[in-house]
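# Examination of the molecular architecture
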Amino acid sequence: TETDVNTIVAAGGEVTGVVTGPNGVGVNEARVTLLTESGGYVAEVATNSDGTYSIDALDSGSYLVEFTPPLSSPPEYANSSRNLLDDFFNGASSLERADPVSVTVGATTSEVNGRLGEGGELAGTVTMPAKAPAPNITVAAYDAAGEWAGSALTGAAGEYTIGGLTTGPYRLEFSAQSLPGGFSPGNYAPEFSGGADSIGHATAVPVTVGETSHYDVALQTGATISGVVTGRGGAGVGGVSVWTNSSSGASAGVTTSLNGAYTITGLAAGSYTISVQDGASGFDELDYFPLTDAATATVSSGGEATGVDVQLTTGGSIAGTVTDSSGRGLAEFVIVSVHGEQGQSLRSVEIFEGGSGYSIGALAPGSYTVCFEGETDRAGVGYEPDCIGGTSPQTATEFDVTSGVVTSVPAAELTLNPGAISGIVTDANGHGVSAQVTVYEASGAEVDASVSTAANDDYTVGGLAPGFYRVGFAPNAGGGGFYGGGSSLDEAGAILVVSGATAEGIDYPPSIQ
């Protein structure tokens, strides 16, 4: 016998429209974003070559619609070639002022159109110290609030244009950032509009919608700091990160070569502190700890500071074991973290199911606490957070760490967050009845947390350690049995309880035998 199985899928609602530019012509690949009235993301599409778009499979409700210019390539150079402004449905100037669009399942809401208005532009020319054009220089504009507003990459003639700007003041930054593939446009010091030493002190350039403001700049040769990072026995340490930091907040970094050498270019004149941080090699494997103020150097405009060397120090380590409350290997994922004297997390390792031992190295001499936590993206799941000798980094026992020495800490035992079992008890007619509900461990031992059903026939037994259980029911009116339809505990169906979750639908009589 052949049985027809028909699937009925309810058609969703649809929103359609067209996005045009200042000249009324459709904009290709403009972005149309659908949001909930609270601003939550729903969907996004790109317009067709004629500016039309369609968003379907929508639930009934009210939505906000945002229209934005096409993405530049790469995205970090947004607005470098298209002078268009964002728009919201019905010409609103912001999401808060946008009119909602009503959508009904099975119907199309049409004429939800957007118009991307003309923006203001910043344009100019960037030259080298010898006045020759400076190509591939990154130019970034920041608005009055200090927020990034757009970027451009200078062309072969040093020219740049940043469009899509609203009326207001903008500060400019010019930098010789490395491009994809490691290509460097040259050794130039960063420049800011007005000749300032940072973007916060830069001179604002006024921009008006529909107009182009001009700003040219001549770059100066960058200063250079170089040296060698060494470790045990004076051997060079490759693959670590070396950073310069100035009092103005400017920073630049490179990775040491195989012999530990480094050279940082493109620096403005000033004083710098040198820090050495973890890099591709991994301090945990090398057993060195980061140095935040490893050295200092002062450079003049276009000058060079050589021999700024850094000697790394062997770190200490903390080692121990962590098990479940029965002394067995962990049943769930756990993060072990080491905290500093202020309670801040400094380094951590992960222990996966079945593991127990851990070691955290590359620690500077000092005092540390050790803490454990389970899955951080699912509250209540896995092991309960704990620390050795306390319940938090601030109250835990401190362990002293010495350079080059392994500090062994006491073994720790963790407790899994409990789970629960819930269900309802009814009579043969489906009416709720009062009953005693008894939960049994896999061994057959009765769990102390057994309960009676509430007035509305439901029950919940919580505080259960993850594992398998069986449940028996004894209605006050008489009769009874076990979940799964068995007449004895041995015949009862097993119920799996997991950490942080409730096994629901454990009903009597079972809806499915």
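Quantities reported herein were computed from a predicted structural model and do not represent experimental measurements.

## Structural notes on the overall build of the chain
In terms of helices and strands, the chain carries one helix and 43 strands. Against the 2.2 N^0.38 benchmark of 24 Å for 513 residues, the chain shows a C-alpha radius of gyration of 33 Å, more extended than a compact globule. When burial is assessed residue by residue, the chain has 43% of its 513 residues classed as buried. In the chain, the share of contacts with a sequence separation of at least 24, taken over all contacts with a separation of at least 6, comes to 66%. In the chain, 11 positive and 56 negative side-chain charges are present, and the distance between their average locations comes to 9 Å.

## Describing the pairing of strand β23 (residues 270-277)
The pairing of strand β20 (residues 241-246) with β23 spans six bridges and is classified as antiparallel. What sits directly across from Ser241, in β23, is Gln277.

## Points about the pairing of strand β10 (residues 120-127)
In terms of burial, β10 is largely enclosed, as seven of its eight residues are buried. Of the strand pairs in this sheet, β10 and strand β13 (residues 159-165) are connected by five bridges, and their pairing is antiparallel. Note on β13: the bridge partner recorded for Thr125 is Glu159. Judged from the three bridges that link them, β10 and strand β17 (residues 212-214) form a sheet pairing that is parallel. Along β17, the bridge assignment pairs Leu122 with Ser213.

## As for the pattern of salt bridges
In total, this model carries one salt bridge according to the counting rule given. The salt bridge partner of Arg328 is Asp324, with a shortest N-O separation of 3.8 Å. On the basis of relative accessibility, which here comes to 9%, the residue Asp324 falls in the buried class.

## Description of the sheet that holds strand β24 (residues 291-299)
Spatial ordering of the open sheet is given by β21-β20-β23-β24, a layout of four strands whose pairing is antiparallel. Strands at the two margins of the open sheet, each flanked by one partner only, are β21 (251-255) and β24. On average, each strand axis in the sheet is tilted by 25° relative to the strand beside it, whichever way the strands run.

## As for the sheet that holds strand β39 (residues 458-464)
Strand order across the open sheet formed by three strands is β39-β36-β43, with mixed pairing between neighbours. Whereas interior strands pair on both sides, the edge strands pair on one side only; in this sheet they are β39 and β43 (502-503). Alignment of strand β36 (residues 419-424) against β43, held across two bridges, turns out to be parallel. What sits directly across from Ile421, in β43, is Ala503.

## Details of the nonpolar core
The biggest cluster of nonpolar side chains holds 23 residues, and the ones touching the most others in it are Ile225, Val229, Tyr262, Ile274, Val308, Val310 and Leu312. Elements with a contribution of two residues or more to this core: β19 (223-230), β22 (261-267), β23 and β24. The element contributing the most residues to this core is β24, with four residues. Counting residues in hydrophobic clusters, the runner-up holds 22 residues, among them Val322, Ile360, Val370 and Leu416.

## Description of the packing of aromatic side chains
The tally for this structure, following the rule as stated, stands at eight aromatic pairs. Centroid distance Phe174 to Tyr215: 6.1 Å. Interplanar angle 20°. Geometry classified as stacked. Here Phe174, found in strand β14 (residues 168-175), pairs with Tyr215, found in the loop between β17 and β18 (217-218); they are 41 residues apart in sequence, far enough to count as distant. Per residue, the accessibility class of Phe174 equals that of Tyr215, and both read buried. With a centroid separation of 6.3 Å and an interplanar angle of 50°, the aromatic rings of Tyr440 and Phe482 are classed as tilted. Of the two residues, Tyr440 sits in strand β37 (residues 435-441) while Phe482 sits in strand β41 (residues 481-482), which places them 42 residues apart along the sequence. For Tyr440, a relative accessible area of 17% translates into the label buried. An aromatic cluster of at least three residues, connected via ring pairs, comprises Tyr160, Phe174 and Tyr215.

Parameters and conventions
- Residues numbered from 1 in each chain as written.
- Predicted model: local features only at pLDDT ≥ 70, side-chain atom pairs only at ≥ 80, totals over all residues.
- Heavy atoms only, no water.
- Helix = DSSP H or I, 4+ residues; strand = E, 2+ residues; numbered from the N terminus.
- Rg over C-alpha atoms; globule rule 2.2 N^0.38 Å.
- Buried < 20%, exposed > 50% of the residue type's maximum accessible area, 1.4 Å probe, protein only.
- Contact = heavy atoms within 4.5 Å.
- Lys, Arg positive; Asp, Glu negative; His and termini not counted.
- Charge placed at Lys NZ, Arg CZ, Asp CG, Glu CD.
- Pairing = 2+ DSSP bridges.
- Salt bridge = Lys/Arg side-chain N within 4 Å of Asp/Glu carboxyl O.
- Axes fitted to C-alpha atoms, helices over the stretch in contact; angles between N-to-C directions.
- Core = buried A, V, L, I, M, F, W, Y, C linked by side-chain atoms within 4.5 Å.
- Phe/Tyr/Trp six-rings, centres within 6.5 Å; stacked < 30°, edge-to-face > 60°.

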